[in-house]
Amino acid sequence: MIFLLLLQFSLLSALTVKAQTVPRTPVPQQDTLTTGQDSLTLSKPKGDIETTIKYSARDSIQFEVGRKVVHLFGDAKINYGTMSLEAAYIEINYDTNTLTATTGADSTGKQVGVPVFVNGSETYAAKRIAYNYKSKKGRISDVVTQQGEGYIHAEVVKKNELDQIYGLHARYTTCNLEHPHFYINATRIKAIPNDKVMSGPFNLVISGIPTPLGFLFGLFPTPRAGRSSGVIVPSFGESGLRGFYLQDGGYYFAWNDYVGTSLTGSIYSLGSYDVSMATTYNNRYKYRGNVNFQYSYFKTDEADVAQSRSTDDLSRYVPEHDRSFGIQWSHSPVPKPGQGRFSASVNARSSMEKSARYNSAANYLAATLNSTISYQKNIQNSPFSYGITLSQGQNTSGTMNFVLPDINLSMTQTSISELLTNKPPVGKWYEKFQLGYGVRFQNSIDNIIGARQISGIDAIGETTNTDTIAVNLNNLGQLWKNGRRSAVHNFSFSLGNYKVLRFLNFTPSMSYQETWLDQKYTYSFDPDSQKVRIDTARFGRVYNYSAGASLTTQVYGTYVLNGKRIQAIRHKITPSIGYSYRPDFGAQSFGFYQNFQTGVDTTTNLPIYNTLGRYSTALPGRGLQSNLNFSIQQNLEMKVKARGDSAAGKFEKVSLIDNLGISGSYNMAADAFRLSNINANMNTTLFKTFNVRASATFDPYKRDSLNRRIDEYAFDLSKLKLATLTNAQFGVSANLNPNDRSSRTRTAPTNLPVLQPDIDPLVPEYIDFKIPWTLSVDYTINYSKGLGANARGQANPNNVTQTLGLNGSLSLSEKWKISYTTGYDFTNQMISFTNVNINRDLHCWEMSIGWTPFGFQRGYNFTINARSALLRDLRLTKNRSGWNR
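Computed from a predicted structure; not experimentally measured. (Residues numbered from 1 in each chain as written. Predicted model: local features only at pLDDT ≥ 70, side-chain atom pairs only at ≥ 80, totals over all residues. Heavy atoms only, no water.)

A. Here's a closer look at the overall build of the protein. Scanning the protein for helices and strands turns up six helices and 59 strands. Looking at the protein as a whole, 35% of its 885 residues qualify as buried. Long-range contacts, defined here as pairs at least 24 residues apart, represent 50% of the contacts in the protein between residues at least 6 apart. (Helix = DSSP H or I, 4+ residues; strand = E, 2+ residues; numbered from the N terminus. Buried < 20%, exposed > 50% of the residue type's maximum accessible area, 1.4 Å probe, protein only. Contact = heavy atoms within 4.5 Å.)

B. The packing of aromatic side chains, seen in detail. Under the definition given, this model contains 30 aromatic pairs. A ring pair is formed by Phe182 and Trp845, whose centres lie 5.0 Å apart and whose planes are at 80°; its orientation type is edge-to-face. A residue pair is termed long-range when its members are at least 10 positions apart, and Phe182 in strand E15 (residues 182-192) and Trp845 in strand E57 (residues 845-852) qualify at 663 residues. A relative accessible area of 0% means that Phe182 is categorised as buried. Taking relative accessible area as the criterion, Trp845 reaches 12% and is therefore assigned buried. Across from the ring centre of Trp480, 4.4 Å away, lies the NZ or CZ of Arg485, which sits over that ring. (Phe/Tyr/Trp six-rings, centres within 6.5 Å; stacked < 30°, edge-to-face > 60°. Lys NZ or Arg CZ within 6 Å of the ring centre and 35° of its normal.)

C. Geometry of the environment of Leu168. Considering the arrangement of structural elements, one finds Leu168 in strand E14 (residues 165-173). Sequence separation between Leu168 and Arg188 is 20 residues; the distance between their C-alpha atoms is 4.9 Å.

D. Highlighting unusual backbone geometry. A cis amide bond links Leu404 to the next residue, Pro405, at an omega of -5°. Relative to the helices and strands, Pro405 resides in strand E30 (residues 400-415). With phi around 70°, Arg502 is a residue other than glycine that occupies positive phi space. Structurally, Arg502 is set in the loop between strand E36 (498-500) and strand E37 (504-517).

E. Broad picture of the nonpolar core. Residues Tyr55, Leu72, Ile78, Ile90 and Ile92 are the most contacted members of the largest nonpolar core, which totals 46 residues. In this structure, Ile90 is in contact with Val70, His71, Leu72, Ala76, Lys77, Ile78, Leu85, Thr100 and Ala101, ignoring residues within four places of it in sequence. Counting residues in each nonpolar core, the second largest holds nine residues, with Leu517, Val542, Phe590 and Leu612 among its members. (Core = buried A, V, L, I, M, F, W, Y, C linked by side-chain atoms within 4.5 Å.)

F. Broad picture of the pairing of strand E53 (residues 799-810). As paired strands, strand E52 (residues 773-784) and E53 are joined by 12 bridges and run antiparallel to one another. When the sheet's bridge partners are listed, Ile781 is paired in E53 with Gln802. The sheet contact formed by E53 and strand E54 (residues 816-825) spans eight bridges and is antiparallel. What sits directly across from Leu804, in E54, is Tyr824. Between the end of E53 and the start of E54, which pair antiparallel, lie five residues. (Pairing = 2+ DSSP bridges.)

G. Region of interest: a nonpolar patch on the surface. A contiguous nonpolar surface patch, about 580 Å² in accessible area, is contributed by Ile577, Tyr579, Tyr581, Leu624, Leu628, Phe630 and Met668. Among the elements of the structure, strand E42 (566-582) and strand E45 (625-641) are those that each provide at least two residues to the nonpolar patch. Broken down by element, the nonpolar patch gets its largest block of residues, three residues, from E42. Tracing the backbone through its elements, the reader meets Met668 in the loop between strand E46 (651-667) and strand E47 (678-686). (Patch = residues over 30% accessible without salt bridge, like charges linked within 9 Å, V, L, I, M, F, W, Y side chains within 5 Å. Areas by Shrake-Rupley, 256 points an atom, 1.4 Å probe, with all protein chains shown as cover. Salt bridge = Lys/Arg side-chain N within 4 Å of Asp/Glu carboxyl O.)

H. Representation of the pattern of salt bridges in the model. The full count for this structure, using the stated rule, is 16 salt bridges. Of the charged contacts in the structure, one is a salt bridge between Arg693 and Asp778, with a shortest N-O distance of 3.4 Å. Of this pair, Arg693 sits in strand E48 (residues 690-699) while Asp778 is found in strand E52, placing the two residues 85 residues apart along the sequence. For the salt bridge of Asp699 with Arg703, the shortest nitrogen-to-oxygen distance reads 2.6 Å. Counted as one network, the salt bridges with shared partners bring together Lys815, Asp841, Glu846 and Arg867.

I. Spotlight on the side chain of Ser199. Residue position: Ser199 is located in strand E16 (residues 196-199). Look past the residues within four positions of Ser199 in its chain and what remains in contact with it is Ala186, Arg188, Ile189, Phe217, Gly218 and Phe220.

J. Spatial organisation of the pairing of strand E39 (residues 531-537). Where strand E38 (residues 520-526) meets E39, seven bridges bridge the pair, whose relative direction is antiparallel. Along E39, the bridge assignment pairs Thr522 with Asp535. Counted between consecutive antiparallel strands, the loop separating E38 from E39 contains four residues, among which Gln530 sits at a positive phi close to 55°.

K. Representation of the environment of Ala154 within the structure. Looking at where Ala154 falls in the secondary structure, it is placed in strand E13 (residues 150-159). For the pair Ala154 and Ile189, spaced 35 residues apart in sequence, the C-alpha separation works out to 8.8 Å. Those residues in contact with Ala154 that sit more than four places away from it in its chain are Asp142, Val143, Gly167, Leu168, His169 and Ala170.

L. How the structure looks around the confidence of the model for the protein. Mean pLDDT for the protein: 78, with 78% of residues reaching 70 or above. Here residues 39-46 is modelled with pLDDT under 50, and outside its nearest four sequence neighbours on either side it reaches 28 contacts, counting other chains as well. Note that residues 741-766 has pLDDT below 50 and, in this model, 55 contacts with residues that lie over four places away or in other chains. (pLDDT = per-residue confidence, 0-100.)

M. Examining the state of the cysteines more closely. One pass over the full model with this rule turns up zero disulfides. Here Cys175 is not disulfide-linked; the sulfur of Cys844 is the nearest cysteine sulfur, at 3.5 Å. Since its relative accessible area comes to 1%, Cys175 is described here as buried. (Disulfide = S-S within 2.5 Å.)

N. Region of the structure containing the environment of Arg485. Summarising the element assignment, Arg485 is placed in strand E35 (residues 484-494). Note: C-alpha distance between Arg485 and Phe441 (44 residues apart in sequence) is 7.6 Å. From its side chain, Arg485 meets the backbone oxygen of Trp480 in a polar contact 3.2 Å long. (Polar contact = N/O pair within 3.5 Å; in protein donor to acceptor, adjacent residues only side chain to side chain.)

Printed below as a string of structure tokens:
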């Protein structure tokens with residue numbers, strides 16, 4: 001009988017089936033069933049069925065041949081092309097071309113097996129689903145479906161053949177919980193996949209409480225993954241100096257999958273406005289970057305500024321009106337062997353008054369802005385490389401400098417015999433000689449101008465106060481004249497390393513440098529005008545060279561303890577002694593310095609003038625150098641037994657002192673003060689956490705009552721005095737992180753924007769709630785001895801500075817995070833820049849509180865907002881800062 005029924009069913013539906021006899025009425029799913037899983041594959045027939053249907057069930061499969069109905073019980077699954085359906089119970093009706101899915105009950109009566117319907121990229125979860133796979137229409141009850149970043153909850157949803165859905169008594173939210181924390185409540189909702197969600201009149205419900213916030217209609221974009229163009233909705237508020245505003249509104253242009261541009265602007269009721277254009281580009285495996293341009297017109301109420309200036313000294317940063325622009329550009333290539341590397345990091349502004357104009361803490365604390373554009377390339381299978389760099393820098397005082405361009409060509413050190421003979425080395429001693437070469441062409445321009453730099457005739461004693469030139473098109477000629485053009489040639493020689501007396505390493509050295517300049521000066525005294533005449537030549541040449549040699553070795557000492565944990569202590573000493581020679585480039589024969597009489601007093605010489613003027617940094621030093629150099633470096637470590645049961649018999653090294661060194665030199669050619677200052681330094685790590693560093697400079701000579709040097713050694717063994725301490729520094733830093741103490745910084749996710757406009761400094765970009773706490777401490781104390789005397793003939797006092805810096809975070813719970821940055825200047829008894837942030841993870845919402853208690857930017861910020869970028873304007877913000885107090 002069963003065989004005949006199956007045969008009849010197969011003839012009717014052209015399907016091949018495996019089945020077992022079960023009751024015809026649906027039964028609830030039983031969690032105690034342990035029967036095997038039935039499954040079958042339906043081959044593609046002729047008719048309405050377009051492709052193969054695969055379905056299975058954990059409990060059983062029942063066929064009603066006469067009605068052309070299949071019942072699937074227990075973890076029922078159906079796959080039909082791009083459509084899939086899972087539920088506790090599924091019914092397939094081949095006569096009406098429908099699929100019906102419902103939940104089932106377990107042994108406790110709890111409803112399980114909620115139907116989940118997937119059609120392409122759309123997913124629906126509901127208590128009951130009815131779907132016609134021929135017309136591709138469906139009716140879904142008590143449904144939850146995801147549309148982009150949002151979720152639609154509805155009592156009833158109808159789906160048409162275009163995959164558009166219509167919801168009745170619907171809720172739209174970005175919260176992924178069954179009972180969302182908030183939602184937009186609407187009677188009817190229509191969703192077009194990968195496009196938009198539309199609704200009629202709606203209101204906002206928070207934590208189940210209806211609010212009066214709403215509108216006559218709603219439109220929520222749900223674009224498909226990738227870039228898409230759209231409107232950027234502005235935020236509104238009030239600034240104490242600029243008035244009411246609409247801020248950062250505009251449009252985003254998605255040109256293609258690689259490039260996108262946002263054009264935004266802000267307007268203020270008192271007349272100010274800002275315009276910004278930001279472009280981001282990313283070509284995978286090749287390069288990525290972004291460009292941001294801003295233009296700002298700042299205008300405030302003159303009466304308010306006048307009143308503010310009379311009551312608050314901080315208002316000196318407030319101009320009545322100002323125009324400025326800025327540009328940021330970041331470009332990073334993906335390095336590839338044999339190819340050049342073009343990179344850029346540009347951050348420039350038309351003006352940088354006090355950085356109170358900036359919103360971000362990083363810009364507020366920055367003293368300078370720097371920009372660099374460069375291209376570098378190594379020529380394959382050769383020692384040659386070249387590069388070109390354009391750079392610019394500016395500081396808060398208005399000083400700017402440019403290097404346009406900086407070109408370098410170089411050759412790495414190569415065997416001289418190989419260069420001359422073009423043959424590979426064969427092991428001869430002279431083949432250790434190597435030659436390296438590099439040339440660097442620079443055009444350096446700055447907007448600093450001094451009297452001696454712009455006058456052909458300059459008076460002795462004339463003021464040398466500097467001024468700045470405005471950087472604009474009208475002053476290009478003057479800026480070019482103020483530039484410095486040079487070519488620096490460097491020859492590096494490596495003469496090899498040789499063993500002497502088995503344990504000593506002998507290393508000779510030699511160097512030569514030559515600089516070409518576009519100007520050179522000649523000085524003469526004019527007795528009539530009592531001034532110094534400066535004659536300028538179009539080309540100048542300066543060079544310097546030196547030679548030397550050194551002997552080094554290493555001495556080890558080990559003290560064996562064989563204690564319970566400490567096995568031994570090892571002391572390593574690396575002494576070095578060397579000799580270096582450099583001629584006196586201040587001699588008249590070299591022509592780098594000029595000394596002459598005024599004619600007024602033939603017994604008195606004028607100060608020595610260098611013949612390169614503002615190129616003085618390229619000049620070699622004066623005085624003959626015949627130095628005996630010495631240094632001693634030390635390292636102390638111990639060998640201890642490793643802790644832990646699994647480390648039995650294993651040992652590890654623990655560094656006690658990473659480095660302890662002392663160095664100095666003795667100039668045998670000097671007339672006085674032959675012994676140089678003695679420099680000492682030390683650094684180590686304690687308990688794998690605390691980094692300790694110390695350095696000091698000692699003067700070996702005596703000083704008089706006015707702290708002036710006397711050519712007598714201060715060494716006095718009877719008074720236990722070796723030298724005079726002139727400078728010292730001591731510092732301790734620690735990064736306390738229970739998860740990873742070796743990490744100095746934590747990197748935010750790479751999907752955050754690389755470059756973005758100034759944002760509120762009180763709202764952090766990235767919060768890691770998983771770290772229970774972090775603490776970074778840095779303590780530094782500096783001492784410098786007052787040298788010489790002041791204008792009153794009194795000895796200059798000693799100077800001591802002492803600072804402490806703290807920054808860290810604390811997770812009070814899984815959802816609360818506090819982060820802070822502060823410091824203290826013990827010398828001036830002042831607290832440095834301080835900022836406290838409190839963040840709360842509210843699942844689909846987030847809350848942040850920021851507080852800056854001191855300085856011009858003192859103020860607070862409170863923000864609570866929906867996390868989803870789709871509802872970025874669903875936020876509440878309250879803030880006060882330097883600009884709107």
